[in-house]
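Listed below are the residues making up each chain.
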Amino acid sequence: MNFQIVEEAALKIKTMEVRGAARIARFAAETLKKFAEMVESNFDENMKKAAEILLNTRPTAVSLYNAINYVMNYEGDNDREKKESAIARAEEFIKWVETAHEKIGEIGARRIKDGSVVMTHCNSSAALSVIKTAYKMGKVVEVFATESRPRMQGHLTVKELSEAGIPATLIVDSAVRYFIEDVDYVVVGADTITANGALINKIGTSQIALAAKEARVPFMVAAETYKFSPKTVFGELVVIEERDASEVAPPEILNLNGVKVRNPAFDATPRDYIDVIITEIGAIPPEMAYLVIKERLGYAVFGTEELKISARHFD
Ligand code: RUB
């Protein structure tokens, strides 16, 4: 069996050509669907290998894991039935991604008051859905977007805001506290929400949450339910990806004697800093994360590590 399309997709995720938790999840489901269509024999074995290649790319966003588990939860008595089921489940997952954004936009925008200034970090499609919907309703007057070093996803955000006609101000990450008094809401996305309601998102998110709490600025998280982590119910800790130091500093710095350069890509914001999590099934307090995982994703342990996600997708 030729795994080329899966390996190419995995490389795109690793190198961040495809990035952002929702896009990664959708892309993994699309890739598994294409691959399933090509498999002619030993369906289980080949799909398992493809799933492993995709999983072994970026460790932090649970959306990738949930997408893969959702597709891999296919059923059937023979290869043909299994293939049909896997393809149908991949399509279901893709639909889930698409419909969730719109709902999150609607629900999140309702919480924003007229004439608001919003701050966002990194480049989150879910957070942008809230901001764009609120803007269309005439509620957002300006958006502060952080650069989000070292990969500058903030540049993507301001481009998107500009295309949508939304006044945007790009700031360096360290200017967050300087501007926080001018802001009415912080809206960010999520890579993972843990069972205890903590948010794992782009490095720097927790500092923004700290500044927002000090300034009494509401901190809103936009997260589809497939960003919630069933693994954390079983005590597993979220692995924070540490990327290559060359993303942060040039060779003359990297080669200095006695100097280390570290590049963690994500950090954890404790639930006490989060006012609300906007999901496609409603605005929830972070304390409800466990219930979302239990009711929405459903889980059953099989083997020692694997979780069977029997997610009920959003209709
Ligand atoms: C992206 C990032 C985003 C979340 C949510 O990190 O941290 O805030 O993934 O995005 P990276 P979305 O650029 O390293 O992948 O709402 O689009 O899923």
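Residues numbered from 1 in each chain as written. Predicted model: local features only at pLDDT ≥ 70, side-chain atom pairs only at ≥ 80, totals over all residues. Heavy atoms only, no water.

*Asks:* How do you make sense of a nonpolar patch on the surface when you look at a structure like this?
*Replies:* Nonpolar side chains collect at one region of the surface, where I253, L256 and V259 lie side by side and expose about 220 Å² of accessible area between them. Of note, I253 is situated in helix α10 (residues 251–254). Owing to a relative accessible area of 33%, I253 belongs among the partly exposed residues under this scheme. (Patch = residues over 30% accessible without salt bridge, like charges linked within 9 Å, V, L, I, M, F, W, Y side chains within 5 Å. Areas by Shrake-Rupley, 256 points an atom, 1.4 Å probe, with all protein chains shown as cover. Salt bridge = Lys/Arg side-chain N within 4 Å of Asp/Glu carboxyl O. Helix = DSSP H or I, 4+ residues; strand = E, 2+ residues; numbered from the N terminus. Buried < 20%, exposed > 50% of the residue type's maximum accessible area, 1.4 Å probe, protein only.)

*Asks:* Help me understand the domain arrangement of the protein chain in this model?
*Replies:* How large an interface is tends to be reported as the accessible area lost when its parts come together. Domain parsing of the protein chain yields domain 1 (4–101) and domain 2 (104–308). With centres defined by C-alpha atoms, the gap from domain 1 to domain 2 works out at 24 Å. Of the residues lining the interface, 24 residues belong to domain 1; the matching set on domain 2 comes to 37 residues. For the pair domain 1 and domain 2, the summed buried surface comes to about 2400 Å²; carbon and sulfur atoms form 52% of the total. Contact with domain 2 buries surface across domain 1, with T60, W96 and H101 losing the most and accounting together for 27% of the total. Here domain 1 and domain 2 share 1 salt bridge between them. Counting across the interface, domain 1 meets domain 2 through 18 residue pairs in polar contact (both at pLDDT 80 or more). Broken down by class, the residue content of the side of domain 1 that touches domain 2 amounts to 12 nonpolar, 7 polar and 5 charged. (Domains from an automatic or database assignment. Contact = heavy atoms within 4.5 Å. Buried area = accessible area lost by both parts, 1.4 Å probe. Polar contact = N/O pair within 3.5 Å; in protein donor to acceptor, adjacent residues only side chain to side chain. Nonpolar A, V, L, I, M, F, W, Y, C, P; charged D, E, K, R; others polar.)

*Asks:* Looking at this model, I keep getting lost on the environment of R216. Mind explaining?
*Replies:* Topologically, R216 is positioned in the loop between α9 (205–214) and β7 (219–222). Along the primary structure R216 and A265 are separated by 49 residues, whereas in three dimensions their C-alpha atoms are 27 Å apart.

*Asks:* Before we go on, may I ask you to explain the site of the ligand in this structure?
*Replies:* Around the ligand sit 18 residues in total, of which R19, A22, S125, N201 and K202 are the nearest. Contact between the ligand and S124: an oxygen atom at 2.7 Å from a side-chain N or O atom of the residue. Protein burial of the ligand: of its 460 Å² of free accessible surface, 100% is covered by the chains. Secondary structure elements with two or more residues in the shell around the ligand: α2 (21–38), α6 (125–136) and β6 (199–202). When grouped by side-chain class, the residues that make up the shell around the ligand number 7 nonpolar, 6 polar and 5 charged. For the shell around the ligand, the two domains that each supply at least three residues are domain 1 (4–101) and domain 2 (104–308). (Near = heavy atom within 4 Å.)

*Asks:* Where do I start with the pattern of salt bridges in this structure?
*Replies:* Side chains carrying opposite charge are able to pair once their charged atoms draw close together. Inspection of every chain in the model, using the stated rule, returns 20 salt bridges. One salt bridge connects K132 with E160, and the closest N-O pair in it is separated by 3.0 Å. Within this pair, whereas K132 is found in helix α6, its partner E160 is found in helix α7 (residues 153–163), the two being separated by 28 residues in sequence. For E247, the salt bridge is made with R243, and the minimal N-O distance between the two is 2.8 Å. Among the charged side chains, a salt-bridge network with shared partners connects R58, R151, E241, R243 and E247.

*Asks:* Help me out: how do you make sense of the packing of helix α1 (residues 4–14) against α2 in this one?
*Replies:* In a packed pair of helices, the relevant descriptors are the angle between the two axes and the axis-to-axis distance. Two elements in contact, α1 and α2, have axes whose closest approach is 10 Å; the angle formed by their N-to-C orientations is 170 degrees. As summarised for this structure, α1 and α2 are arranged roughly antiparallel, according to the angle between their axes. Two secondary-structure elements touch here, α1 through I5, V6, A9, K12 and I13 and α2 through I24, F27, T31, K34, F35 and M38. For the contact of α1 with α2, the residue count by class is 8 nonpolar, 1 polar and 2 charged. (Axes fitted to C-alpha atoms, helices over the stretch in contact; angles between N-to-C directions. Parallel < 35°, antiparallel > 145°, perpendicular 65-115°, else oblique.)

*Asks:* I would appreciate a short explanation of unusual backbone geometry in the present structure.
*Replies:* Negative phi is the rule for most residues except glycine; trans is the rule for most peptide bonds. Omega for the peptide link from R149 to P150 comes to 0 degrees, which places this bond in the cis form. For P150, the location among the structural elements is in the loop between β2 (140–146) and α7. A positive phi angle, close to 65 degrees, is found at C122, a residue other than glycine. Secondary-structure assignment places C122 in the loop between β1 (116–120) and α6. According to the relative accessible area criterion, C122 is buried, its value standing at 8%. The phi angle at M152 is positive, at roughly 55 degrees, despite the residue not being glycine.

*Asks:* Even after reading the chapter, I still don't get the sheet that holds strand β9 (residues 276–279), so can you show me in this structure?
*Replies:* Neighbouring strands of a sheet are bound in pairs by backbone hydrogen bonds; such pairs are parallel or else antiparallel. If you walk across this open sheet you meet the 7 strands as β3-β2-β1-β4-β7-β9-β10, and the pairing is mixed. Because the sheet does not close on itself, it has two edges, and the strands there are β3 (168–171) and β10 (282–284). Geometrically, the sheet is characterised by an average inter-axis angle of 25 degrees between neighbouring strands, direction not taken into account. Of the strand pairs in this sheet, strand β4 (residues 185–188) and β7 are connected by 3 bridges, and their pairing is parallel. Following the sheet pairing, V187 is matched in β7 by M220. (Pairing = 2+ DSSP bridges.)

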